[in-house]
Amino acid sequence: MAENKVFYYRFDKVNIWLVLNAVLTIVLVHCLYKCPCLWYWWQTQVLGGVAIFSWLLWGYKYLLKHKVAVFDKDGITIDHCRQLLWNDVESVDKKDVKCWFKKYPVLVFNLKQGADYQYNFLQRHNCGFTPFSLPLYNIVKKEDVEEMEKLIKQKVKNSKF
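Note that this is a predicted model, so its numbers are computed, not measured.

Enquirer: Outline the overall build of the chain, supporting the account with residue identities and numerical values.
Expert: When helices and strands are counted, the chain shows 4 helices and 8 strands. Listing the helices and strands of the chain from first to last along the sequence gives β-α-α-β-β-β-β-β-α-β-α-β. Taking 161 residues into account, the globule formula puts the C-alpha radius of gyration at 15 Å, and the chain, at 21 Å, lies well above it. Dimensions along the principal axes, computed over C-alpha positions, put the chain at roughly 70 × 35 × 30 Å. For the chain, buried positions account for 32% of its 161 residues. When contacts within the chain are restricted to residue pairs at least 6 apart in sequence, those whose partners lie at least 24 apart make up 61%.

Enquirer: Requested: an account of the layout of surface pockets, with residues and values cited.
Expert: Empty space within the largest pocket amounts to approximately 570 Å³. In terms of lining, the largest pocket is formed by 25 residues, of which the most central are Tyr9, Lys67, Asp79, Leu122 and Asn126. Within the residue set of the lining of the largest pocket, elements represented by two or more residues are helix H2 (42-63), helix H3 (121-124) and strand S7 (133-135). Here the residues of the lining of the largest pocket are counted per class, giving 15 nonpolar, 7 polar and 3 charged. Considering every element that reaches the lining of the second largest pocket, the biggest residue donor is strand S1 (residues 5-8), with 3 residues. For the lining of the second largest pocket, the per-class residue count stands at 7 nonpolar, 1 polar and 6 charged.

Enquirer: Run through H2, naming residues and quoting values.
Expert: Look at H2: 31 Å from first C-alpha to last across 22 residues, which is about the 32 Å you get at 1.5 Å a residue. Regarding H2, the residues found buried are Thr44, Gly48, Ala51, Ser54, Trp58, Gly59 and Tyr62. Looking straight down H2, one finds that the buried residues subtend no more than 135° of arc, so they occupy a single side. Among the exposed residues of H2, those oriented more than 90 degrees off its buried face are Trp42, Ile52, Phe53 and Leu56. Buried residues in H2 make contact with helix H1 (16-34).

Enquirer: A description of the packing of aromatic side chains should follow, citing residues and the corresponding values.
Expert: The relation between two aromatic rings is expressed through the spacing of the ring centres and the mutual angle of the planes. Applying the stated rule across the entire model yields 9 aromatic pairs. Ring plane angle 25° and centroid distance 6.0 Å describe the contact between Phe71 and Trp86, whose orientation is recorded as stacked. One end of the pair, Phe71, is in strand S2 (residues 67-71); the other, Trp86, is in the loop between strand S4 (84-85) and strand S5 (89-99), with 15 residues separating them in the sequence. Each member of the pair, Phe71 as well as Trp86, carries the same accessibility label: buried.

Enquirer: Lay out the sheet that holds S1 with the relevant residues and their values.
Expert: Overall, antiparallel pairing links the 4 strands, which are arranged S1-S2-S3-S4 in an open sheet. The open sheet is flanked by S1 and S4, the only strands paired with a single partner.

What counts, and at which threshold
Residues numbered from 1 in each chain as written. Predicted model: local features only at pLDDT ≥ 70, side-chain atom pairs only at ≥ 80, totals over all residues. Heavy atoms only, no water. Helix = DSSP H or I, 4+ residues; strand = E, 2+ residues; numbered from the N terminus. Rg over C-alpha atoms; globule rule 2.2 N^0.38 Å. Buried < 20%, exposed > 50% of the residue type's maximum accessible area, 1.4 Å probe, protein only. Contact = heavy atoms within 4.5 Å. 1 Å grid on protein atoms, 1.4 Å probe; cavity = no way out; pocket = protein on both sides within 12 Å on 5 of 7 lines; lining within 4 Å. Points joined across faces, edges and corners; volume = space filled by probe spheres on them. Nonpolar A, V, L, I, M, F, W, Y, C, P; charged D, E, K, R; others polar. Expected span 1.5 Å × (residues − 1). Arc of directions from axis to C-beta. Phe/Tyr/Trp six-rings, centres within 6.5 Å; stacked < 30°, edge-to-face > 60°. Pairing = 2+ DSSP bridges.

What follows is the structure, encoded as structure tokens:
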């Protein structure tokens, strides 16, 4: 692998959050058009601020690219975690993780004995996901999942998936 290979999350942009943002914006604009004096009420200003904040958060999640993983010759960087070196990986397994009454398939990286990593908050508290795991469900494109699996099989000989 000569250069870094980057994979990104794929979120569906049209969802209930978009609909709620649109409804809130339409209602606010309609009310302010019919009765402009409502802008002087603090409650209306708070609703306007909430609508703007919600649109900004929606835009951050759905319009910007978010990295799932970065593969290079030395290791893999998952999300915003520190790099996991290929030398420290003993095996990779496919596992179903239960989160909020659903099961999600993930690839779990099992570390060799004595491998020492400093984990961030999300790695320590992540609802059954191990500190180093890659999602295989619908937030990653199928082609990307297949390519990630192929790259992992090249680097980790003890892959069980």
